[in-house]
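# Residue-level structural notes
Take a look at the letters that make up each chain.
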Amino acid sequence: MLVQDIMTSPAITVTTSCSVAEAAKLMLDNKISGLPVVDANGALVGIVSEGDFLRRGELNTERKRSWLLEWLTSSGKIAAEYVRTHGRRVDEVMTSKVSTIAPTASISDAVKSMERQDVKRLPVVENGRLVGIVSRCDLLRALSRALPSSLSAGDAQIQAAIESELAKQSWSRNGFIHCHVAGGVAELTGTIFDERERLAAKVAAENVAGVTSVRDLLVWVDPYYGIALPPPDAEMRQN
């Protein structure tokens, strides 16, 4: 899947001359947490987000230092902080260094860039022109569409899908995890050697459309001492 398949386009933007009050209202009215900033020609020059409004003189949230740190900090840095906490225009408080992405990039690349840059959104730029924006919210919408539906399927089809998924995973390729589906209930049996494999197997089954519930009958065996513990569902039935 590509960025252009999930991005928001056209992106809601502000200009450099826009006031902080106008930008804040625009974000609130549209329920978004960031805005690309463009110049008079529409070229991307920065981005303004909720994070740029955290430290404001109006909220009395400016950075406060001890007298020693104040003395050690350069006057230029303190002056720059003053502009960001008291500036009235977007170009005075925005972040100028912006990470962008192309519309033809994969959403995997977008996620990697968001994680690497520690940002929540990426302006989408093509041939120097802003064509959209991709945010965590766009990824969430894409995830919602990609999640399996609750449409019913035959037990054999469901079982085959679970077995196929288990066969792809390195933690289950030992072939000790088995699945049987009856009436939409996926019953997991076999042996695991790490408790974390239990939840992974349950998640693999739950992600298949048509599964109504998962019965955990997996037996954990300590790989060092050979001690076996009965599955949780088996203990519950005994009680």
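## Focus: the pattern of salt bridges
On inspection of all chains with the given rule, the structure shows 13 salt bridges. One salt bridge connects E58 with R56, and the closest N-O pair in it is separated by 2.9 Å. Under the relative-accessibility criterion, E58 is labelled partly exposed at 46%. Residue E81 is joined to R63 by a salt bridge in which the shortest nitrogen-to-oxygen separation is 3.8 Å. A residue pair is termed long-range when its members are at least 10 positions apart, and E81 in helix α4 (residues 75-86) and R63 in the loop between β3 (44-49) and α3 (67-72) qualify at 18 residues. One continuous salt-bridge network, built from bridges that share partners, spans R56, E58 and R88.

## Considering unusual backbone geometry
Cis geometry is adopted by the peptide bond preceding P10, which originates at S9 and carries an omega value of -5 degrees. With respect to the helices and strands, the residue P10 is situated in the loop between α1 (3-6) and β1 (14-15). We note that K31 has phi near 55 degrees; this positive angle belongs to a residue other than glycine. With a phi angle near 55 degrees, D118 is a residue other than glycine that sits in the positive phi range. Tracing the chain through its elements places D118 in the loop between α6 (107-117) and β4 (121-126).

## Regarding the sheet that holds β3
An order of β1-β2-β3 is seen for the three strands of this open sheet, with the pairing classed as mixed. Only two strands of the sheet have a single partner each, and these edge strands are β1 and β3. Running at roughly 135 degrees to strand β2 (residues 34-38), helix α2 (residues 20-30) makes contact with β1, β2 and β3 of the sheet.

## Focus on a nonpolar patch on the surface
The grouping of W67, L68, L69, W71 and L72 at the surface amounts to a nonpolar patch, some 670 Å² of accessible area in total. Positionally, W67 belongs in helix α3. For W67, a relative accessible area of 70% puts it in the exposed group.

## A word on the sheet that holds strand β6 (residues 177-182)
Here we have four strands laid out as an open sheet, ordered β6-β7-β8-β9, and mixed in their pairing. At either end of the open sheet lies a strand with only one pairing partner, and these are β6 and β9 (228-229). Pairing geometry for strand β7 (residues 185-192) and strand β8 (residues 213-221), over eight bridges, is parallel. Counted as the bridge partner of I192 is W220 from β8. Relative to the sheet, helix α8 (residues 155-168) contacts β6 and β7, its axis offset from that of β6 by approximately 160 degrees. Across the sheet, helix α9 (residues 195-206) lies against β6, β7 and β8, angled at about 155 degrees from β8, the strand it touches most.

## Focus: α8
Helical geometry note: an α-helix holds 3.6 residues per turn, so side chains three or four residues apart project in the same direction. Taking 1.5 Å as the rise per residue, α8 with 14 residues should run 20 Å; its terminal C-alpha atoms sit 20 Å apart, in good agreement. Taken as a whole, α8 has its buried residues at I158, Q159, I162 and L166. Considered in projection along α8, the buried side chains sweep an arc of 95 degrees and stay on one side of the axis. Projecting away from the buried face of α8 at angles above 90 degrees are the exposed residues A156, Q157, A167 and K168.

## A look at the pairing of β3
Both β2 and β3 contribute to a ladder of five bridges, which runs antiparallel. Of the residues in β3, the one forming a bridge with G34 is S49. Linking β2 to β3, which pair antiparallel, is a turn of five residues; within it G42 sits at a positive phi near 85 degrees.

## Focus: the nonpolar core
I162, A186 and V211 are the most contacted members of the largest nonpolar core, which has 17 residues in total. Broken down by secondary-structure element, the contributors of at least two residues to this core are α8, β6, β7, α9 and β8. I162 has contacts with C179, V181, A186, A205, V208 and V211, leaving out every residue within four places of it along the chain. Within the second largest apolar cluster, 13 residues are counted, among which are I6, A105, V124 and V131.

Cut-off values and rules
- Every chain is numbered on its own, with residues counted from 1 as its sequence reads.
- Owing to the predicted nature of the model, reporting of local features is limited to residues with pLDDT of at least 70; listing and counting of side-chain atom pairs is limited to 80 or more, with chain, interface and lining totals taken over all residues.
- In computing side-chain properties, one takes all heavy atoms of the structure into account and sets aside hydrogens as well as water.
- When a carboxyl oxygen of Asp or Glu is within 4 Å of a side-chain nitrogen of Lys or Arg, the pair counts as a salt bridge.
- Each residue is placed in one exposure class: buried if its accessible area under a 1.4 Å probe, protein chains only, is under 20% of its type's maximum, exposed if it is over 50%, and partly exposed if it falls in between.
- The helix count covers DSSP runs of H or I at least four residues long, the strand count covers runs of E at least two residues long, and both are numbered beginning at the N terminus.
- Strand pairing is assigned whenever DSSP identifies at least 2 bridges connecting the two strands.
- Any pair of residues with heavy atoms lying within 4.5 Å of one another is described as a contacting pair.
- Simply put, an axis is a line fit to the C-alpha atoms, just over the touching stretch for a helix, and the angle between two N-to-C directions goes from 0 to 180 degrees.
- What goes into a patch is any residue over 30% in relative accessible area without a salt bridge, connected to like charges within 9 Å or, for nonpolar side chains (Val, Leu, Ile, Met, Phe, Trp, Tyr), within 5 Å.
- We get accessible surface area from the Shrake-Rupley algorithm with a probe of 1.4 Å; when it comes to residues, only the shown protein chains can shield them.
- For a helix, the expected span equals 1.5 Å multiplied by the residue count minus one.
- Directions drawn from the helix axis to the C-beta atoms are what define this arc.
- To form a nonpolar core, buried Ala, Val, Leu, Ile, Met, Phe, Trp, Tyr and Cys residues must be joined to one another through side-chain atoms within 4.5 Å.

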